[in-house]
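Structural overview for review
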Amino acid sequence: MSRNTCVIAGGGPAGAVLALLLARSGVQVTLLEKHGDFLRDFRGDTIHPSTLGVLDELGLAGEFHRLPHRKTRRMEIHTDDAVIPLADLSKLGSRYPYIAFVPQWDFLNLITTAAARYPGFRLLMNTEVTGVIREGDAVRGLRYRDAGGEHELRATLTVAADGRHSDVRRAAGLVPVEHGAPMDVVWFRLPREPADPDETFLRVSTGHLMVSINRESYWQLAYVIPKGGFEALKGRGIEALRAPVARMLPYLADRTELIGDFGDVSVLSVALNRLRRWHRPGLLVIGDAAHAMSPVFGVGINLAVQDAVAAANLLAGPLLSGEEIPESLLARVQRRRTPPTVITQFAQRMVQNRLIRPVLTDGSRPVRLPRDISRLPLIAPLARRFVGLGVRPEHVRTPEADIRARYR
């Protein structure tokens, strides 16, 4: 059995950023990731201005922008007869007034490589969490399995950042409240050619919705289907997917044959939920494990990163002191991050109920939207701030420790 000051389950954005921030402050931290790498296709990869600001505060903005990426300053909805501007981030007034599309594995490699510069950081890959260590009502670490067998890792603080199907959350007896989603998403890709449109956009048509993301050499496409509708789609054959793609995006019509069968797609089961309580004695839950977000607005990564920054700001000092972390301090993390979560999920539910559900359930109703949402008084600045910075954006308050003094 080994011991750490903090052990984090889950090497996604929330866990990786929290591990970096704590290690940077001098805290001994171990990050557990059940896979052997971060290469999970069709994970979210929209890095918004709020997260770009955090990277800048950590001195990582330069390294980030050297990764292959694409900047998008305008969010648009394309209907059958119009292009509707939704948010113009170039008017945000931020140092980084755009969304950067970067494969999530590149983002996570960047964060964990930066964390590895600090001697207090340890990353365990191919490590599956099997349970929590309990002392009475308190969580005192994790049990895990790797190629060498079963192990225990005790810690002053355990953090569950292992996603919407969190094993740690389940082991701690925490159950999220479901708020429902009317859709699932079928992800796939098709080659992109120079004559294709340039921008990323949402395509809305009678009975159909699709997100089209420009990845330079290919299109990453998300076809929205009714909740639980994938088996029905498969039952109609692959042409039931090819045909709406060709109709909504005519420039891809000659490429839809490249979707050979349903083995060429990936399905995201959309969930929208959150915990009533994000903590137990010795345990904190953050990111998707605390609140699964709908893909609406593409803000899931950024909410997770904001959780991590808020948690580090409140917990790094107490963890360095070696003292027991009172549950009241963990509750402060939840109190700080609950309003942004609730407001964002409310906005997502509004879009789901007012746009997505009607389109998917009434294939005869034409889609009617304002001609230019980005120009509506009051709504336009609120929309770009909400999409770009979110509610209560966090800033790095933890100082970088003098590692030489701490470890010599």
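Please read all numbers here as calculations on a predicted model, not as lab measurements.

Looking at the sheet that holds strand β3 (residues 46-47)
Taken together, three strands build an open sheet; the order of strands is β3-β7-β4 and the sheet is antiparallel. Two strands bound the open sheet, and with one partner strand each, they are β3 and β4 (70-72).

Here's the deal with helix α7 (residues 239-248)
Note on helix geometry: an α-helix contains 3.6 residues per turn, so any two residues three or four positions apart are oriented the same way. Of the positions making up α7, those classed as buried are A240, L241, R242, P244, V245 and M248. Residues of α7 that are buried sit in contact with β13 (183-191), β14 (201-205), β15 (208-214), β16 (218-226) and α6 (230-235).

Quick word on the confidence of the model for the protein
Across the protein, the average pLDDT comes to 90, with 92% of residues at 70 or higher. For the stretch residues 404-408, pLDDT sits under 50, and the model shows six contacts to residues farther than four places along the chain or on other chains.

Details of the environment of T341
In this structure, T341 sits in helix α9 (residues 327-361). When the C-alpha positions of T341 and R384 are compared, they lie 17 Å apart, and in sequence the two are 43 residues distant. Residues in contact with T341, not counting those within four places in the same chain, are R274, W278, H291, M293 and L303.

Topic: the pairing of β14
The buried fraction of β14 is high, at four of five residues. Here strand β5 (residues 74-78) pairs with β14 via two bridges, running parallel. Bridge pairing in β14 places I77 opposite L202. One ladder, built from five bridges, connects β14 with β15; its direction is antiparallel.

Re the sheet that holds β15
In spatial order, the strands read β6-β5-β14-β15-β16-β13-β17; together these seven strands make up an open sheet with mixed pairing. Because the sheet does not close on itself, it has two edges, and the strands there are β6 (83-88) and β17 (266-268). Averaged over all pairs of adjacent strands, the angle between their axes in this sheet comes to 25°, without regard to strand direction. Note: β5 against β6, five bridges, orientation antiparallel. What sits directly across from I77, in β6, is I84. Sheet strands touched by α9: β13, β14, β15 and β16. Its angle to β15, the strand with the most contacts, is close to 110°.

Some points on the nonpolar core
Grouped together as the largest cluster of nonpolar side chains are 57 residues, with contacts concentrated most on C6, I8, L18, F64, F107 and L315. The contacts of F107, once residues within four sequence positions are left out, are P13, V17, I47, T51, L55, F64, V102 and V305. One finds L86, A87, A347 and L355 within the second-largest nonpolar core, a separate group that totals 27 residues.

Side note on the packing of helix α1 (residues 13-24) against helix α8 (residues 300-321)
Between α1 and α8, the least distance of the axes is 8 Å, while the angle of their chain directions is 30°. On the basis of the axis angle, α1 is roughly parallel to α8. Where α1 crosses over α8, the two elements pack in a sense that is right-handed. Every residue of α8 that contacts α1 at P13, A14, V17, L18, L21 and L22 is listed here: I301, A304, V305, A308, V309, A311, A312, A316 and L319. Among the residues forming the contact of α1 with α8, the class breakdown is 15 nonpolar, no polar and no charged.

Rules behind the numbers
Residues numbered from 1 in each chain as written. Predicted model: local features only at pLDDT ≥ 70, side-chain atom pairs only at ≥ 80, totals over all residues. Heavy atoms only, no water. Pairing = 2+ DSSP bridges. Helix = DSSP H or I, 4+ residues; strand = E, 2+ residues; numbered from the N terminus. Buried < 20%, exposed > 50% of the residue type's maximum accessible area, 1.4 Å probe, protein only. Contact = heavy atoms within 4.5 Å. pLDDT = per-residue confidence, 0-100. Axes fitted to C-alpha atoms, helices over the stretch in contact; angles between N-to-C directions. Core = buried A, V, L, I, M, F, W, Y, C linked by side-chain atoms within 4.5 Å. Parallel < 35°, antiparallel > 145°, perpendicular 65-115°, else oblique. Left-handed = near helix turned anticlockwise from the far one by under 90°. Nonpolar A, V, L, I, M, F, W, Y, C, P; charged D, E, K, R; others polar.

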